[in-house]
Amino acid sequence: MFKDEVTVYVRAGNGGQGCVSFRREKYIPMGGPDGGNGGKGGDIILTANPHLNTLYHLSHHQRLIAPNGQPGGSNNCTGKDGKDLVIEVPPGTVIRDREHQNILKDLKESGDSIILCEGGRGGRGNKVFATSTNQSPRYADKGAPGEERWLYLELKLIADVGLVGLPNAGKSTIITRLSAARPKIAPYPFTTLEPSLGIVAMEDDRSFVMADLPGLIEGASHGRGLGDKFLRHIERTKLVAHIIDGSSAEPLDMLYKIIRKELSLYSPKLAKKPAIVVVNKMDLPEAASNFKKYRAKLPRGTVAVSAIKRTGLETFLKQVWRKL
Ligand SMILES: Nc1nc2c(ncn2[C@@H]2O[C@H](COP(=O)(O)OP(=O)(O)OP(=O)(O)O)[C@@H](O)[C@H]2O)c(=O)[nH]1
Ligand SMILES: [Mg+2]
């Protein structure tokens, strides 16, 4: 299961209570106060783990609470600190405050991490309060409460190039030809319901990350089809590869414009990203004649490929590499 947004409540541990205690030992009359301090509560830490690629594991845990510090003990024993709660998320996770929607941190690289809530300080034991005028204080501090907040986590996959296009254009077929990713492929629209990533290895050790996305249709910005929310995953790609089904009965330049329009409605910034247009299914005679007919109306450098016959894919990769 893929999940690219979750809201969670997090709370750091409370500080442990300070201890009120007096030293009582044979032959040591009036041993004085010996209550230890409480331990600090555990922090809430978020960290980016490169082995994760979804937020699904957090969707069952609405509340994540770090352990409290232990109370102080007699004999000047300090309570144990609560263990920090480390929450792992995939790189590319943007952390927002749920209420104000401001970005608290963008965990872009693997290993990036942030302390989101600090554990409460432990309370001081009665020993600390002893003074010359009050040598046997009968009070101690309570531990401070841990910080708490609601978070909104949003995953924006980090890929170099994202495949966009109408449903059935052959996006998933292309990524399976170029990488080890194996999204489902079928001759009906909306086969792909969630994005997937694949690493494309070129010769001489060069490689880049490609993202296959669900199909977009006209009106996606108003929620038609699967909507356009998954476009967040190409907000960070350096490049957009726009796949067109060459065998379509509709004019190819019109198909091209539908997607361009949806991209700019989603985000003008996205629409300005460098793009490569790919006409697929060139093994079919309709595609070959359509390509000839509409080539001039498509952007310069449009590549013709057949994912099934594996033709043109080299040229496509070279173009991608040059633009990256
Ligand atoms: N003839 C031919 N068929 C192709 C080619 N590429 C893909 N197809 C077929 O087109 C259909 C759709 O392919 P997908 O790869 O699932 O298309 P998609 O763009 O990922 O579709 P959605 O996930 O629904 O958006 C499948 O039946 C594929 O076998 C091609 O180069 N030539
Ligand atoms: Mg697909």
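Note that the structure is a prediction, hence the values are computed from the model and not measured.

Caption draft 1: Here's a closer look at the packing of aromatic side chains. This structure, assessed with the given rule, holds three aromatic pairs. Between the aromatic rings of Tyr9 and Trp150, the centroid separation amounts to 5.5 Å while the plane-to-plane angle is 55 degrees, which identifies the pairing as tilted. One end of the pair, Tyr9, is in strand β1 (residues 5-11); the other, Trp150, is in strand β8 (residues 148-155), with 141 residues separating them in the sequence. The exposure class assigned to Tyr9 is buried, which follows from its relative accessible area of 8%. Relative to Tyr139, the ring of Phe129 has its centre 5.3 Å away and its plane inclined at 65 degrees; by these criteria the two rings are edge-to-face. With Phe129 in the loop between β7 (113-117) and β8 and Tyr139 in the loop between β7 and β8, this residue pair connects regions lying ten residues apart in the sequence. Over the ring of Trp150 we find Arg98; its NZ or CZ atom is 4.2 Å from the centre of that ring.

Caption draft 2: Representation of the site of ligand 1. Residues in contact with ligand 1 amount to 23 residues; listed here are only the nearest, Lys171, Ser172, Thr173, Thr192 and Asp283. Ser172 places a side-chain nitrogen or oxygen 2.8 Å from an oxygen atom of ligand 1. Taking 650 Å² as the accessible area of ligand 1 by itself, protein coverage stands at 90%. Each residue belonging to the shell around ligand 1 can be placed in one class, and the counts come to eleven nonpolar, nine polar and three charged.

Caption draft 3: Highlighting the pairing of strand β11 (residues 207-212). Bridge count for strand β9 (residues 161-165) against β11 is three bridges, and the pairing is parallel. Note that in β11 the partner of Val161 across the bridge is Met210. Bridge count between strand β10 (residues 196-201) and β11: six bridges; the pairing is antiparallel. Bridged to Ala201 within β11 is Ser207.

Caption draft 4: Structural context of the coordination of the magnesium ion (ligand 2). Taken together, the protein ligands of the magnesium ion (ligand 2) are Ser172 (OG) and Thr192 (OG1), with distances of 1.9 to 2.0 Å. With Ser172 in helix α1 (residues 171-178) and Thr192 in the loop between α1 and β10, the pair connects residues that are 20 residues apart, well separated along the chain. Classification of Ser172 as buried rests on a relative accessible area of 9%. You can call Thr192 buried: its relative accessible area is 9%.

Caption draft 5: Quick look at the sheet that holds strand β4 (residues 85-89). One open sheet accounts for three strands, arranged β4-β2-β7; its pairing is mixed. A single partner strand is all that each edge strand has here, and the edge strands are β4 and β7. Pairwise comparison of adjacent strand axes, ignoring direction, gives a mean angle of 25 degrees for this sheet. Bridging between strand β2 (residues 44-48) and β4 involves five bridges; their strand directions are parallel. Looking at the pairing, Leu46 lines up with Ile87 of β4.

Caption draft 6: Seen up close, the sheet that holds β1. What the five strands build is an open sheet, ordered β3-β1-β8-β5-β6; its pairing is mixed. At either margin of the open sheet sits one strand with a lone partner, and together these are β3 (63-65) and β6 (103-107). Along the sheet, successive strands turn relative to each other by an average axial angle of 25 degrees, direction set aside. Across five bridges, the pairing between strand β5 (residues 93-97) and β8 is antiparallel. Looking across to β8, one finds that Thr93 is bridged to Leu155.

Caption draft 7: Quick peek at the domain arrangement of the protein chain. We note that the domain assignment places domain 1 (1-155) and domain 2 (161-323) within the protein chain. On a C-alpha basis, the centroid separation for the pair domain 1 and domain 2 is 47 Å. If you look at the interface, domain 1 gives eleven residues, while domain 2 gives six residues. In total, about 660 Å² of surface goes out of reach between domain 1 and domain 2, with carbon and sulfur atoms giving 41% of it. Broken down residue by residue, the surface that domain 1 buries against domain 2 is led by Phe2, Asp4 and Glu5, which jointly contribute 54%. Linking domain 1 with domain 2 are five salt bridges. For the salt bridge of Lys229 with Glu5, the shortest nitrogen-to-oxygen distance reads 2.8 Å.

Cut-off values and rules
Residues numbered from 1 in each chain as written. Chains lettered and ligands numbered in written order. Predicted model: local features only at pLDDT ≥ 70, side-chain atom pairs only at ≥ 80, totals over all residues. Heavy atoms only, no water. Phe/Tyr/Trp six-rings, centres within 6.5 Å; stacked < 30°, edge-to-face > 60°. Helix = DSSP H or I, 4+ residues; strand = E, 2+ residues; numbered from the N terminus. Buried < 20%, exposed > 50% of the residue type's maximum accessible area, 1.4 Å probe, protein only. Lys NZ or Arg CZ within 6 Å of the ring centre and 35° of its normal. Near = heavy atom within 4 Å. Polar contact = N/O pair within 3.5 Å; in protein donor to acceptor, adjacent residues only side chain to side chain. Areas by Shrake-Rupley, 256 points an atom, 1.4 Å probe, with all protein chains shown as cover. Nonpolar A, V, L, I, M, F, W, Y, C, P; charged D, E, K, R; others polar. Pairing = 2+ DSSP bridges. Donors = N, O, S within 2.8 Å, 3.2 Å for Na, K, Ca; no water. Axes fitted to C-alpha atoms, helices over the stretch in contact; angles between N-to-C directions. Domains from an automatic or database assignment. Contact = heavy atoms within 4.5 Å. Buried area = accessible area lost by both parts, 1.4 Å probe. Salt bridge = Lys/Arg side-chain N within 4 Å of Asp/Glu carboxyl O.

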